[in-house]
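# Per-entry structural report
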There are 2 protein chains.
Amino acid sequence: MACLSRRFLLPLLALGGSAMSARSDEGMWLLNDPPRDHLKAKYGFDLADQWLARATGAAVRLNNGGSGGFVSPDGLLVTNHHVAADAVQKLSTADRDLMRDGFYAPTRDAEPKCPDLELNVLRSTEDVTARVNASVKPDMKPADAAAARRAVMSAIEKESLEKTGLRSDVVTLYNGGLYHLYRYKKYTDVRLVFAPEAAIGGFGGDVDNYEYPRFGLDVAFLRAYEDGKPAKTPDYFPWSKTGPADGELVFVVGHPGATSRLDTLAKLKHRRDVSLPYNLYRIRTIEAALAQYSERGPEERRRGSRDLHAAGNRRKAFAGQHQGLLDPRIIEQKRGAEAELAKLAGAAVDSRASVFDRIADAQTRLATFEREYSLLELQHAFTSELFGVARHLVRMADELPKANADRLREYRESNLESLRFQLFSPAPIYPDLERAKLTASLAFAAEVLGGEHPTVAVLLAGKGPAARADELVAGCKLFDVGERKRLADDGKSAVDSSTDAMVLLARSVDAEARRLRKRYEDEVEEPERQAYGEIAKLRFAAFGRSVAPDATFTLRLAFGVVKGYDVGGERLPFHTTLGGAFGRAAVMGNRDPFELPKRWVDRKDRLDLSTPFNFTATSDTINGNSGSPVVNRAGELVGVNFDRNRHGLVRNFVYTDEQARHISVHSRAVLEALRKLYDAPALADELAK
Amino acid sequence: MACLSRRFLLPLLALGGSAMSARSDEGMWLLNDPPRDHLKAKYGFDLADQWLARATGAAVRLNNGGSGGFVSPDGLLVTNHHVAADAVQKLSTADRDLMRDGFYAPTRDAEPKCPDLELNVLRSTEDVTARVNASVKPDMKPADAAAARRAVMSAIEKESLEKTGLRSDVVTLYNGGLYHLYRYKKYTDVRLVFAPEAAIGGFGGDVDNYEYPRFGLDVAFLRAYEDGKPAKTPDYFPWSKTGPADGELVFVVGHPGATSRLDTLAKLKHRRDVSLPYNLYRIRTIEAALAQYSERGPEERRRGSRDLHAAGNRRKAFAGQHQGLLDPRIIEQKRGAEAELAKLAGAAVDSRASVFDRIADAQTRLATFEREYSLLELQHAFTSELFGVARHLVRMADELPKANADRLREYRESNLESLRFQLFSPAPIYPDLERAKLTASLAFAAEVLGGEHPTVAVLLAGKGPAARADELVAGCKLFDVGERKRLADDGKSAVDSSTDAMVLLARSVDAEARRLRKRYEDEVEEPERQAYGEIAKLRFAAFGRSVAPDATFTLRLAFGVVKGYDVGGERLPFHTTLGGAFGRAAVMGNRDPFELPKRWVDRKDRLDLSTPFNFTATSDTINGNSGSPVVNRAGELVGVNFDRNRHGLVRNFVYTDEQARHISVHSRAVLEALRKLYDAPALADELAK
């Protein structure tokens, strides 16, 4: 799965300088700054303004970390099943398990509203680099520089919101090289139209995740509503009835989450030796706890399945990144690129070493408090929906009375509506699942910090982790959205006098968490941002805009060709077939996660088994691109991206197209399944119109 | 599961001094020093010499870390299915999966030989404390003291072996308070008689592990052979046809692996904050890798199942211990006991603090190199059968030419026969499973030490972990027992000139691994042993032998009463029933790990569903006690111990009988199943004779 998990947010580096020659298709490009010349020279393709405008209007960002695209003028959008799964899960109950059984609304009346899904569609962008940079004076200390930049960004966003009514975010590109203001149209009434059974949406489970050949119907359909009616979406991707041909040029229009291609060697080594080991340690701990919870019974399996799959996906991605950084070839590539940049820096900045040393120094500092920071501020000690709610309530009480410019970023005026939408979600929170996750994460904090650490004493409050988790969940009323609203509305006095166990916990760790966050921002983030900003300037001077910025979960255009690849001398074809799914299931004993839904088995005879099912292409994608429309020259949707193969896992750090591929559901497979398996002719007709 | 995993080996502490009053049944007692007075006073039971002699002769230790007991005069023994599983797995192939399908040999001709299972039966013990202690002079440095002690122990063992022909081990009791020479009769021709399907042997899997109520037929029957014929075993436990009554006094005769009840507070905190977090980190890493491997397909599931279950069991045990040590009540108990001992020490040793400070200092030193030591010397960087073989070959080449007294302990003369028996085992080693485990453990080493660590450079040899694992397994010929024998027979010149990839790896890390081991022995083990020896003397002086030594995987006698317990105000009955298994399976959706074998479903009607299945008792057990006979006053076997409940997980550190219980298979359930489900009347008759 390639959906976005919260990850490091940093930029992209030319490999050895010549890597961005005409031959490489590397790059997740800004749609307002696309590589027209490259496309023209290599593929003879003229990227027309109209093509770009439609792609921009049809591309959708889902706030839970995925991508999608409109596919009809009536607000219908496609994304991955595993992206929609969060909503599908929240719409499910013990009696009506839409994850297990799938869902189809034959009429619009039957489309249920997702509790907390927000869609963003990009309306405009504006370069605000000069204004942001002007706010930071050269003689400012890092903490002051960070505060000044935060203030101007919040001000720009607030002004834009007030002027346009659109969601407005200042996006940091090239990790400080450019600042762009993005304005989005926002949809918060999003309804479920179709989801297949999880067994075919995620066919092959953890085993086949990041592998190929694949056989997944990893698609779902949603519909955006406005004023209680299907939204009018004149920009959409017409659904291709044929899909792509071998070798065809395709585009991926989506929201890649985060890449780290501009990382200096010191930063990469810090990731390899500090951040990734810690994160692997953590995610395996949570995964083990979720696996145990899920095995307790059928209802627990249902409740835990989303979290468990997400943990397994993350574990596999982190492990792939870690193994990639242990590959000496990748480190050597990076070392070469860095030497080249160092040469440029030698000519352009005071001290040749300074810009790299400053980043290395930031890592040395970070290593001294990264675990505490992650546990307390990133909430790794509290894997809990309820704690997340409590933290927001506690912080809103402190932050909202402040001036907009002085608030923590997530509480800036322009973000409050989206934040409240999440905070007051009526989606169910399960006490037993909360207890299992909290027990594991509290014990994890004690493992990491040691039982004598003062923070651990606060976390455990004189109890063992399990007893403490029981107490916290039993003493928490935040399951109730009304209670959340009451505390949010009544503000600081209500929060300060609350005896809610989770609110008390959030309050008791807040000072220390804020202190760690401030250290992180002042001692790591700001020095890195300034240093990377300088590197970006060097690169612009040398290469112009021939290098795309690193991914930032904002709209990007990638491209490549539809293509199989060789493994051990054998050619893997560029697409699999529907028939192949039955073969794979049989080889794997028709057993979870290779058990095809009953509908597939019963109706196998109806299917054209030679229909292409999943296909591979070379385009540059990363987590967050899940659900991205894959589009041909004509702007038709030929596939829905849903994963990379294992060779693509190193794309966080380097682009390669030797064996690295992204994997998509073929547009024909979707039509075939909708018509012949799912009795969904109305939906198929809406696509095929 | 309560089988022995390689664990710390340390002793037992009176809780608050009065805990060993007549009311507590704490203790894993030496059979030559049992608590006769306590049994007489509390239970009115006279522990006769004859009873003890028979129990000693009938109790069996299995070299893979479990216990068992003879149950007929013809060498028949019972143990747990999960203890025999190692042998059952090694006797299985892709076509004939005895783990999945179970096994019964209706005649003795049909009993297959286990490839590498060794049984030990205790024949005699002898106190050699004076001779061992005499070898260590007061002015010796720790390294010299350790060498002198090692030398005298090896000499005692060799003399005994030469004199008696019996396996001879010097056992350290009270962690240095006493040294006893144990002589064992050894059986290496052990054959499989009966094993149920793993689905009922381990019913409930990881979910129900360390839980109660339970429904497991966790038994298997083996037969010891001598000279190609069933061994004569006049000492055996007659099989009880009725089983135990509620409240009845029972004894557990077995080989508890390791407890840590004498640990000082500093040692316990080191476990809590350093050793257990590291071991949890590691075991979750290996478990995740094994789970991924096992999901690749049915044959991989078969190959990986033993390792995966062992990892899950260990993860659950470690987590229980860690959570126990985070419970302030346990730490306070220990603090109180330590204060009391410190008072005694104040009167008896030079400096009141010294004995505890010396142990604390050892922990401080250990923390600086424990991870390197564990990775290299304990082979955590190489989770691989082949590496284990290669290491022995490399070390035998260096050690065997030395004088017996100077060798590493495992290569002493008296241990060589057992070592060779393991080393030349014809049990299959699977290349793909080796690759999966090696990849995970090499990557784990890089996570722990960092990519720049010189040892990691040696381990990975310029490749990523997966590529390196492929290379090591592809370049290894040690799958072949003949090749192992050739290298072992030809000694150092053959090993030094070997180009086997795994031998080369073992050689390349050996100097560093030995250096770390020597540090551990000189800086941690020896100072601890001397300090704990002093503490033991203090305790003997104050309490006499009223405190049992900590467990050391040697024969012990525990006792308690058959008893249910209360959870949340509700009483859990002391036994479950066969019928209950069907109920539990239904509630859990009849799905792995709650899917009953077909035989059980088909023949349900034949069963008396009210037959007691599993039962609980208060006796003091720990890992290694798996398969221990549970015996009544008459010396009859009324059950086979197989697990503790979750409340018993803290028994590594403290004894409690409020809710802590061990869990056993009821003797009646075994007879019922053999006769009505498994068509095994001959076996049932042999038991019931």
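Rules used in this analysis
Residues numbered from 1 in each chain as written. Chains lettered and ligands numbered in written order. Predicted model: local features only at pLDDT ≥ 70, side-chain atom pairs only at ≥ 80, totals over all residues. Heavy atoms only, no water. Helix = DSSP H or I, 4+ residues; strand = E, 2+ residues; numbered from the N terminus. Rg over C-alpha atoms; globule rule 2.2 N^0.38 Å. Buried < 20%, exposed > 50% of the residue type's maximum accessible area, 1.4 Å probe, protein only. Areas by Shrake-Rupley, 256 points an atom, 1.4 Å probe, with all protein chains shown as cover. Lys, Arg positive; Asp, Glu negative; His and termini not counted. Charge placed at Lys NZ, Arg CZ, Asp CG, Glu CD. Least-squares fit on C-alpha atoms with pLDDT ≥ 70 in both. Contact = heavy atoms within 4.5 Å. Polar contact = N/O pair within 3.5 Å; in protein donor to acceptor, adjacent residues only side chain to side chain. Pairing = 2+ DSSP bridges. Axes fitted to C-alpha atoms, helices over the stretch in contact; angles between N-to-C directions. Buried area = accessible area lost by both parts, 1.4 Å probe. Salt bridge = Lys/Arg side-chain N within 4 Å of Asp/Glu carboxyl O. Nonpolar A, V, L, I, M, F, W, Y, C, P; charged D, E, K, R; others polar. Phe/Tyr/Trp six-rings, centres within 6.5 Å; stacked < 30°, edge-to-face > 60°. Lys NZ or Arg CZ within 6 Å of the ring centre and 35° of its normal. Parallel < 35°, antiparallel > 145°, perpendicular 65-115°, else oblique. Left-handed = near helix turned anticlockwise from the far one by under 90°. Expected span 1.5 Å × (residues − 1). Bend = angle between axes of the 7 residues up to and from the residue. Core = buried A, V, L, I, M, F, W, Y, C linked by side-chain atoms within 4.5 Å.

## Details of the overall build of chain A
From N to C terminus, chain A includes 23 helices and 19 strands. Relative to the globule expectation of 26 Å for 689 residues, the C-alpha radius of gyration of chain A, 24 Å, shows essentially globular dimensions. Projected onto the principal axes, the alpha-carbon positions of chain A cover approximately 65 × 65 × 50 Å. Counting the 689 residues in chain A, one finds 63% classified as buried. Put simply, chain A shows about 24,100 Å² of open surface, and 51% of that area lies on carbon and sulfur atoms. In chain A, 99 side chains carry a positive charge and 96 a negative one; their mean positions are 1 Å apart.

## So, the relation of the copies chain A and chain B
When chain A is brought onto chain B, the operation consists of a screw motion whose angular component is 180° and whose axial shift is 0.0 Å, with 0.0 Å RMSD remaining. One copy is carried onto the other by what is essentially a two-fold rotation axis. Comparing interface residues between copies, 100% of those in chain A also sit at the interface in chain B, which points to an isologous, same-surface contact.

## Some thoughts on the environment of A:K267
Residues and elements named next belong to chain A. Position of K267 among the secondary structure elements: in helix α9 (residues 265-294). By relative accessible area, which is 4% here, K267 ends up buried. Distance in space between the C-alpha atoms of K267 and Q363 is 6.6 Å, their sequence separation being 96 residues. Reaching out from K267, the side chain makes a polar contact with the side chain of Q363 at a distance of 3.1 Å.

## A short note on the sheet that holds strand β11 (residues 249-254) of chain B
Residues and elements named next belong to chain B. Sheet architecture is open: seven strands sit in the order β12-β11-β17-β18-β19-β16-β15, paired in antiparallel fashion. The two strands at the open ends of the sheet, each matched to only one other strand, are β12 (556-561) and β15 (575-577). Ignoring which end each strand starts from, the neighbouring axes of this sheet average 30° apart. Across six bridges, the pairing between β11 and β12 is antiparallel. Opposite V253, over in β12, you have L557 as the bridge partner. Set on the sheet, helix α1 (residues 36-43) makes contact with β11 and β12; between it and β12 the angle comes to about 15°.

## With respect to the interface of chain A and chain B
Every contact between the two is made by 41 residues of chain A and, on the other side, 42 residues of chain B. Counting each side, the surface lost to burial between chain A and chain B is near 3,400 Å², with a carbon and sulfur contribution of 54%. Notably, a salt bridge pairs B:K269 with A:E452, separated by 3.3 Å at the nearest N-O pair. When contributions to the side of chain A that touches chain B are tallied by element, the ones reaching two or more residues are α8 (205-208), α9, α10 (298-325), α15 (431-449) and α17 (465-474) of chain A. At 10 residues, α9(A) tops the list of elements feeding residues into the side of chain A that touches chain B. Grouping the amino acids of the side of chain A that touches chain B by side-chain chemistry returns 16 nonpolar, 10 polar and 15 charged.

## With respect to the packing of aromatic side chains
Here the distance between the centres and the angle between the planes together describe a pair of aromatic rings. All names here are of chain B. For the coordinates displayed, the defined rule picks out 41 aromatic pairs over all chains. With centroids separated by 5.1 Å and ring planes inclined at 80°, the aromatic side chains of F194 and Y678 adopt a geometry described as edge-to-face. Placement of the pair is F194 in strand β8 (residues 189-195) and Y678 in the loop between α22 (667-676) and α23 (681-688), with a sequence separation of 484 residues. Residue F194 is classed as buried on the basis of its relative accessible area of 1%. Residue Y678 is classed as buried on the basis of its relative accessible area of 5%. Residue placement shows R61 over the ring face of Y184; its charged tip is 4.5 Å from the ring centre.

## Digging into the packing of helix α12 (residues 354-376) of chain B against helix α15 (residues 431-449) of chain B
Residue and element names in this part refer to chain B. Look at α12 against α15: their axes get within 11 Å of each other, and the N-to-C directions meet at 165°. By the angle between their directions, the pair α12 and α15 is classed as roughly antiparallel. Considering only the axes of α12 and α15, their crossing is left-handed. Residue-level contacts link R371, E372 and L375 of α12 to F444, A445, V448 and L449 of α15.

## Brief notes about the pattern of salt bridges
Residue and element names in this part refer to chain B. In this structure the tally under the stated criterion is 146 salt bridges over all chains. Linking K40 and D46 is a salt bridge whose minimum nitrogen-to-oxygen distance equals 3.2 Å. Among the salt bridges present, the one from E157 reaches R412, with a minimum N-O distance of 2.5 Å. In this pair, E157 is assigned in helix α6 (residues 142-164) and R412 in the loop between α13 (385-399) and α14 (413-423), connecting sequence segments 255 residues apart. Given the relative accessible area of 0%, E157 is considered buried. Taking the relative accessible area as the measure of exposure, R412 reaches 8% and is therefore buried.

## Details of helix α10 (residues 298-325) of chain B
When the terminal C-alpha atoms of α10(B) are compared, their 39 Å separation across 28 residues agrees well with the 40 Å that a helix rising 1.5 Å per residue should span. Of all the bends in α10(B), the greatest, near 50°, is centred on B:G304.

## Considerations on the side chain of A:D550
Here A:D550 is to be found in the loop between α19 (501-543) and β12 (556-561). At 3.1 Å, the side chain of A:D550 and the backbone nitrogen of A:R261 are in polar contact.

## Description of the packing of helix α9 (residues 265-294) of chain B against α15(B)
All names here are of chain B. Close contact between α9 and α15 brings their axes to 10 Å; oriented N to C, the two are set at 145°. Relative to α15, α9 is oriented so that their crossing is right-handed. Where α9 abuts α15, its residues Y278, Y281, R282, T285, I286, A289, L290 and Y293 lie against D432, L433, A436, K437, A440, S441, F444, E447 and V448. Its residues assigned to classes, the contact of α9 with α15 shows 11 nonpolar, two polar and four charged.

## Details of the nonpolar core
Formed by 111 residues in total, the largest nonpolar core has its most connected members in A:L459, A:L478, A:M502, B:L478 and B:M502. In contact with B:M502, other than residues within four places in its own chain, are B:S384, B:L386, B:F387, B:A390, B:L438, B:L472 and B:C476.

## A closer look at the pairing of strand β11 (residues 249-254) of chain A
Side-chain direction in a regular strand flips from residue to residue, so the side chains alternate between the two faces of the sheet. Residue and element names in this part refer to chain A. Across the six residues of β11, six count as buried, placing the element largely inside the fold. Burial along β11 is two-sided: L249, F251 and V253 facing one way and V250, V252 and G254 facing the other are all buried. Inspection of the sheet shows β11 paired to strand β17 (residues 629-631) by two bridges, in the antiparallel sense. In the sheet register, V252 faces β17, and the bridge partner there is V630.

## Here's the deal with the side chain of A:D74
Residue and element names in this part refer to chain A. Within the secondary structure, D74 is located in the loop between β2 (66-70) and β3 (76-79). What makes D74 buried here is its relative accessible area of 15%. Polar side-chain contacts of D74 include one of 3.1 Å to the side chain of K232. Setting aside residues no more than four positions away along its own chain, D74 makes contact with R108, R223, P230, A231, K232, T233, E686 and K689.

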